[in-house]
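# Structure assessment
If you want the building blocks of each chain, they are given just below.
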Amino acid sequence: MNSARKATLMLAVVSLASGAAHCGRTVTETPDTSVDAGDSGVSTHAPPDLIADAGLCAAQSGWAVCGGPRHCFLDGGQLCPECSLDVLKGFSDAYSLGVCYNEWHNDEPAAICGDECVYIQAVTPELFDSFPFDVGYLFAANGGADRVRYADMSFWSGAPLPPIHSCTVDGGVATCGGACPACAAGRICTGRSPLHPLGVCLPNVGCNSKSPCPSGQSCFSFKVQTDAQAAEDSNFGACLPTEECRSTAANLPGGGYCRDPQ
């Protein structure tokens, strides 16, 4: 693995250990409207013949895994010249499943899920990074289903995203996803899952119990399974104007929470 990526991963782990890292939206930075988080680090897809030859060790989007119960790419190869396990032995379970970096996917994954993507503990248990939706199936096929979450941080079940029958809901909620209109500048479409057929256009300004929203705004989070709620609330809450936050929580199919400033 190249020295730049190794340094990035090691700094991420050091930051996590010090309690200074935030796994989701940035708490203090301004939104970066130049980044399409829906791409999740994807440039161009790997050649179809390479993916086909890889069997269940690679996804159609070109991402590949290394190690695991299928012993994927133990000897490297064009799809996996670099494996995250070579830098960080973050997982001690029997599978020790990592993610590959190659000429098509040679950057760190995006931090925030865009439309049709999943969160995965790909490099270390403390970090959820976003990947294309099909990488969720890839990890599940290699014993890593418990490390995958949908874009609202609900538990991975393998169910596909439900169809969108209407882009409009009561309360003027900024819904999105699929063929719905794109989000306004400075917002990202995120949150689609079997629990939430529609995504929400959210700003890249995070919030949690330790990092409240600015005055006039409240912290929105998706309503997910009880055991998954803490991870959603602590990592991927987003600041919205208070009235918009309350309307989104009340009217979004699947539900959400709006926590007023403390």
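Keep in mind the model is a prediction, meaning the values are calculated, not measured. (Residues numbered from 1 in each chain as written. Predicted model: local features only at pLDDT ≥ 70, side-chain atom pairs only at ≥ 80, totals over all residues. Heavy atoms only, no water.)

The next subject is the overall build of the chain. Counting its secondary structure elements, the chain contains five helices and 13 strands. Each of the 262 residues in the chain was classed as buried or not, and the buried ones make up 50%. The long-range fraction of contacts in the chain, counting pairs at least 24 apart against all pairs at least 6 apart in sequence, stands at 64%. Of the accessible surface of the chain, which amounts to about 11900 Å², a share of 53% is contributed by carbon and sulfur atoms. (Helix = DSSP H or I, 4+ residues; strand = E, 2+ residues; numbered from the N terminus. Buried < 20%, exposed > 50% of the residue type's maximum accessible area, 1.4 Å probe, protein only. Contact = heavy atoms within 4.5 Å. Areas by Shrake-Rupley, 256 points an atom, 1.4 Å probe, with all protein chains shown as cover.)

Another aspect to go through is the nonpolar core. In this structure, Leu79, Val99, Ile120, Ala122, Phe131, Val135 and Phe139 are the most contacted members of the largest nonpolar core, which totals 36 residues. Where this core is concerned, the elements lending two or more residues are α2 (48–54), β1 (65–66), β3 (98–101), β4 (117–120), α3 (134–141) and β6 (148–150). For Phe139, the contacting residues outside a window of four places in its chain are Val65, Leu97, Gly98, Ile120, Ala122, Gly144, Ala145, Arg147 and Val148. Grouped together as the second largest cluster of nonpolar side chains are 15 residues, Val173, Val200, Phe220 and Leu240 included. (Core = buried A, V, L, I, M, F, W, Y, C linked by side-chain atoms within 4.5 Å.)

Disulfides are covalent bonds that link the sulfur atoms of two cysteine residues. For the coordinates displayed, the defined rule picks out 10 disulfides. Disulfide pairing places Cys113 opposite Cys117 at an S-S distance of 2.4 Å. The same class applies to Cys113 and to Cys117, which are both buried. Across the disulfide, Cys213 is cross-linked to Cys239 (sulfur-sulfur distance 2.2 Å). (Disulfide = S-S within 2.5 Å.)

What follows covers the sheet that holds strand β8 (residues 187–190). The three strands lie next to each other as β7-β9-β8, forming an open sheet whose pairing is antiparallel. Strand pairing shows two members of the sheet lacking a second neighbour, β7 (175–176) and β8, which therefore form its edges. In the sheet, β8 pairs with strand β9 (residues 199–203) via four bridges, with the strands oriented antiparallel. Bridge pairing links Arg187 to Pro203 in β9. (Pairing = 2+ DSSP bridges.)

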